[in-house]
Amino acid sequence: MNQTYGIVAVSAALVATLVIGSTGLRVSRTTSDFYVASRTVPPYLNAMAVSGEYLSAASFLGIAGLVAAQGVEMLWFPVGYAAGYLVLLVFVAAPLRRSGAYTLPDFADSRLESKAARRVAGVLVVGVGWLYLLPQLQGAGLTLGLVTGAPRWLGGVLVAVVVTLAVAAGGMRSITFVQAFQYCLKLTALLVPAVFLVIAWHGDPHPARAVDEPPTFRRHTQVTVESTVRIRIDAPLRAVVTGTVDGEGHDGGRLVLDPGVHEVRAGTTLRFPPEAPVPGREGDDVRRGGAAGWAAPLSGGKDDHPLYTTYGLICATFLGTMGLPHVLVRFYTNPDGRAARRTTVIVLALVGGFYLLPPLYGLLGRLYAPDLLLTGNTDAAVLVLPERLLGGVVGDLLGALIAAGACAAFLSTASGLTLSVAGVLSQDVLPTLGVRRFRLATLLAVAVPVTVSVAASKLPVANAVGLAFAVAASSFCPLLVLGIWWRGLTAPGAVAGLLTGGGSAFTAVALTIAGPLADGWTHTLLAWPAVWTVPLGFLTMILVSLATRDRIPAGTEAAMARLHLPERPAGRGAPTTRRGVTTP
Amino acid sequence: MGAPGTPRREVVTGAPRASHRPARPVRVHAADPAADPLAVQALMRRQLRLGAMVFGVLAGGTGLLPLAFSALPDPAVRPGSALIVWAVLGVAVYPALVVLGRWYVVRAERVERDTAADLERS
Amino acid sequence: MTGLLVAVGGTLLFAAGLAAGRLLARRSAEGGTDLGSPVERATFHTLHTASVAAPPLRAGLTEDAARKAVRRLRPLFGTAALGLTADDRLLAWDGPGRHHEDTVLDRGRQVRDTGRTQTFAVDCRDPDCPVRWGAAAPLTVEQRVLGALVVLGGTESASVVRATREVARWVSVQLELAELDRTRTGLIEAEIRALRAQISPHFIYNSLATIASFVRTDPERARELLLEFADFTRYSFRRHGEFTTLAEELRSVEQFLELVRARFGQRLEVTLQIAPEVLPVAVPFLCLQPLVENAVKHGLEESVERSRITISAQDEGATARIVIEDNGVGMEPDRLRRILRGEGSPSTGIGLRNVDERMRQVYGDDHGLVIETGVGAGMKITARIPKYRPGVHSAPPRTASGRG
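Residues numbered from 1 in each chain as written. Chains lettered and ligands numbered in written order. Predicted model: local features only at pLDDT ≥ 70, side-chain atom pairs only at ≥ 80, totals over all residues.

Things to note about the overall build of chain C
The helix and strand inventory of chain C stands at eleven helices and twelve strands. Taking all 404 residues of chain C together, 42% fall into the buried category. Within chain C, residue pairs in contact and separated by at least 24 positions form 62% of the contacts whose partners lie at least 6 positions apart. (Helix = DSSP H or I, 4+ residues; strand = E, 2+ residues; numbered from the N terminus. Buried ≥ 20, exposed ≤ 12 C-beta atoms within 10 Å, placed from the backbone. Contact = placed C-beta atoms within 7 Å.)

What follows is the structure in structure tokens.
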């Protein structure tokens, strides 16, 4: 990848963001456009902002990477990410806006009139935010590493510093315009190269292999393995090796690898001839069922129980979207519940439109960047494709555009998350820090995920996001759904449910990341906890609420009326005549 | 404001309130006279039914897909079946979601209009 | 095997959550372990029982409150049953012998009429019924007997009679406190209502005079201004809701400025910088207009050639920051301090003080106005409004007031 173009593109994205952020206020100098300046954000604009904040590094890089590595089964990720908004629409959007709550702890407070419930919700928001920040920083490290050649950890730290400064200094003065711009940038950055890539794919002199054939190297390909891997080979394979394979040192010598499992040490460079099949990584049993495993669902994947895994994913993403703190605060910008609903539908369309693209990149990545399968670095598939498929100046330019889009992806999500986490930290979790608490909280909000991401950089980006969704689904989904639709919810019930559902999902996540259990049912259950933690959260909340029926908040009836009754139509109670409108 | 010659400003704030009662402890629970609890209940029930219906379609539609896919013939035998999966999960799902969402919004707003009209009449 | 593991884990977690909930439900009623002599222990026990029973009573004499209070007070007596009556109704009963309800109600009525404690024997055909005797003491609030506390037991006992009288007196005090609470809440409400800013009569007079001056020269403009004026006054005089949205408040400011401009023409230059995210924020009704009016007055009516006013609303995460700045004559800081303390002459700066006070009232002392000013240095007023505060909603969901 051409580094100059890449650096210029990433810098341009950064500068554009900052410029829009600092000048995006609506300014009017004459009273005649006063009215324009004080108009609330229309649903389409807010929907773009929500989508801009939502489409993270996991969507931009992760999905294509997962599809390239593990196949069609991974298409459930984008489906779930989008469908989550439908669930949010039908159960949460309008009532949440009408509650007047800005954050999830606000909602707990307003509905349950309980400081304890507020606190617990605050702690969970911080947990979910951190889990979600982790993959953003990793995506940043990956992208900046590819663009500038910097080590992985440095990119993450750099982005963390930028985000901290921007958030702590209040640099994002008009977040709606910034995030709407980020959505456009991300969409363009995937759409334009996709058009070129598809054209190039069709014009490829070697007719592209069918989807369901095993991946092969298309030309002489040199692969450098960054960390030690064990590869599985089905047929004898010739390669030029510099480094250590199976414990033996080689220095540019030819080697024929026999069928079986071989260990390739970190730092080893392998050079494969064209048409050679790409060796699979041991443990990544993707190709266990042969080539068909990649193209067909339920036959591959990392886990032993693909059907359960799929349901775990569906459960987490469908129900988890409503519990993402940085998404919910954007709904406050809507003037009323109706606008909140309309915004959500538009988000559904915008996000769905975006998700048509990453699978295409995954597919092309498998065909044209198969070496990534060997190194396990499949998250980079989107970034390297223009260079592989097009090459030349066009490839470099498009690669730079994609890098700028990726930069937008992790910057927008990371800054939104940091803002939410820091807000909750300063208000609900550490309320005694004094005046400077917001800056301290911002620092803390970023420091924890940075540390973890530097320490544990092996987690695939989209997987970590899946875990954040699982925790959100098991804690906030019951709180929101029961809080909005059930009069019987009590503060002790909500607290118990949040702790049980969120806590168990969190424990499962921690065990998965720490990794004491490598496989088997236990591992599967812990890696995809939503299937059992969501019902657990709901059940606890309901049962404890029933047991503490005498603690139903006194304002429940009034709260329900506020949540569900439509607001007065716009214009009532407000002036009805406008200048320029000649009312008879 | 640091222009030379501009007189200096001083920061002034009002005195803290005499009594240290918490700021506005009053959560006014006085029910809105127009918000008849029965009407609210009826509205909630209709909206919940509508929401549950859409959710049911979503859960039924997507929830059964993995099972349906697992029942598809092995693509090694019939390569076409893999294509179906790609078409459904990669493309067809999204317009369906938008249509479902749009339908829900139209219905939910109709329910709200009905309730508003009823409240106005009473 | 693993299924079992998960089941056990789930159960444990479930139990943990349940326990946490219960713990929250009943803030632990345990005392310390080392409490000294039996007398001290008894004193502590009594005080603790009383303190546990007090909170429900502070809500007033409702059925719910009575039920909880009676349940918590019964251990004090160690007798069979405890009842509370009011207005010829049995509000709550704890313990056996509920079939003596009529007798108890009858006694309650007598207590209410006489206002005195009395004891009575209870006739019961059921040999297992532990209730043979009772004492009833009046519950008095402001010299009015609201109801009676009735203690029922097996044998007559002078100490129980005394305890009944004392506990009834204690309950009465709690009820009086409840009454006081209610009054205070009402007072706060009244205070807030009284604090609602009112548009100044000067402004109404000036506006009408300006409009009148246009009637002959530019009737179309006069008509427009009149409509503007009608909208502005309609908004300012509206009765419902203490809060509104920033968007509506800004619209009212716009109309206000339009009317002012009609009077002062090009001498007034207004810049508005609004982050649209904060427009839906709920703000106290008429909290901006007095500040803008103040800025206009400093800028125009007190001699400055060309008055510039900047109104900005910015998003600060959980709060919205509103700044109103003018380049007018400014003010002596000490004088402003006095005005904010309510010591100034009643005619000046009343709007500033009013808004400051309401902000503090609603959001707490951290959210009072911050004003930067000096003589001849203009004035910059900053208000920070939280996006969410319990009990603050921009408007009641829907009122059938028949408007529109």
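Structural notes on unusual backbone geometry
In this model, E113 of chain A sits at a positive phi of 50°, which is unusual for a non-glycine residue. Relative to the elements of secondary structure, E113 of chain A occurs in the loop between helix 7 (104–112) and helix 8 (115–148). Looking at E113 of chain A, the number of C-beta atoms within 10 Å reads 19, which means it is partly exposed. Located in the positive-phi region is L286 of chain C, a residue other than glycine, with phi close to 55°. Looking at the element boundaries, L286 of chain C is found in the loop between strand 8 (282–284) and helix 9 (289–301).

Notes on the pairing of strand 4 (residues 133–141) of chain C
Residue and element names in this part refer to chain C. For strand 4, a buried count of seven out of nine residues is recorded, marking the element as mostly surrounded by other parts of the structure. Bridge analysis of strand 3 (residues 118–121) against strand 4 gives four bridges, and the strand direction is antiparallel. Bridge pairing in strand 4 places A121 opposite W133. By the bridge criterion, nine bridges tie strand 4 to strand 5 (residues 144–153) in an arrangement that is antiparallel. Looking at the pairing, W133 lines up with G153 of strand 5. Between the antiparallel neighbours strand 4 and strand 5 lie two residues, among them E142 with a positive phi of about 50°. (Pairing = 2+ DSSP bridges.)

Remarks on the pairing of strand 2 (residues 89–94) of chain C
All names here are of chain C. One ladder, built from five bridges, connects strand 1 (residues 81–86) with strand 2; its direction is antiparallel. Bridging from a neighbouring strand, L82 pairs with D94 of strand 2. The antiparallel hairpin formed by strand 1 and strand 2 contains two residues in its connecting segment, where D87 sits at a positive phi of about 50°.

Points about helix 14 (residues 337–355) of chain A
For helix 14 of chain A, spanning 19 residues, the distance from its first C-alpha to its last is 27 Å, which sits close to the expected 27 Å at 1.5 Å a residue. Of all 19 residues that make up helix 14 of chain A, 18 are buried, and the element is covered over most of its length. (Expected span 1.5 Å × (residues − 1).)

Quick word on the sheet that holds strand 4 of chain C
Residues and elements named next belong to chain C. The strand order across the open sheet formed by five strands is 2-1-5-4-3, and the pairing between neighbours is antiparallel. Either end of the sheet is taken by a strand with one partner, and the two such strands are strand 2 and strand 3. Strand-to-strand twist across the sheet, computed as the mean angle between neighbouring axes with direction ignored, equals 20°. The strands touched by helix 3 (residues 63–77) within the sheet are strand 1, strand 2 and strand 5, with strand 2 carrying the most contacts at an inclination of about 40°. Against the sheet, helix 4 (residues 101–114) engages strand 1, strand 2, strand 3, strand 4 and strand 5, with an angle of about 140° to strand 5. (Axes fitted to C-alpha atoms, helices over the stretch in contact; angles between N-to-C directions.)

Some words on the UniProt feature "transmembrane region" (unreviewed entry) in chain B
All names here are of chain B. With numbering matched to this structure, UniProt assigns "transmembrane region" (unreviewed entry) to residues 50–72 and 84–105. Taken as a whole, residues 50–72 contains 96% helix and 0% strand, while its terminal C-alpha atoms sit 33 Å from one another. End C-alpha atoms of residues 84–105 are separated by 30 Å, and the span's content is 100% helix alongside 0% strand. (UniProt positions renumbered as here; feature names shortened; annotations may be inferred.)

Describing the interface of chain A and chain B
The interface of chain A with chain B comprises 44 residues on the first partner and 43 residues on the second. Elements that contribute at least two residues to the side of chain A that touches chain B include exactly helix 5 (76–91), helix 11 (292–295), helix 12 (306–320), helix 14 and helix 24 (556–564) of chain A. With nine residues, helix 5 of chain A is the largest single contributor of residues to the side of chain A that touches chain B. By residue class, the composition of the side of chain A that touches chain B is 33 nonpolar, five polar and six charged. (Nonpolar A, V, L, I, M, F, W, Y, C, P; charged D, E, K, R; others polar.)

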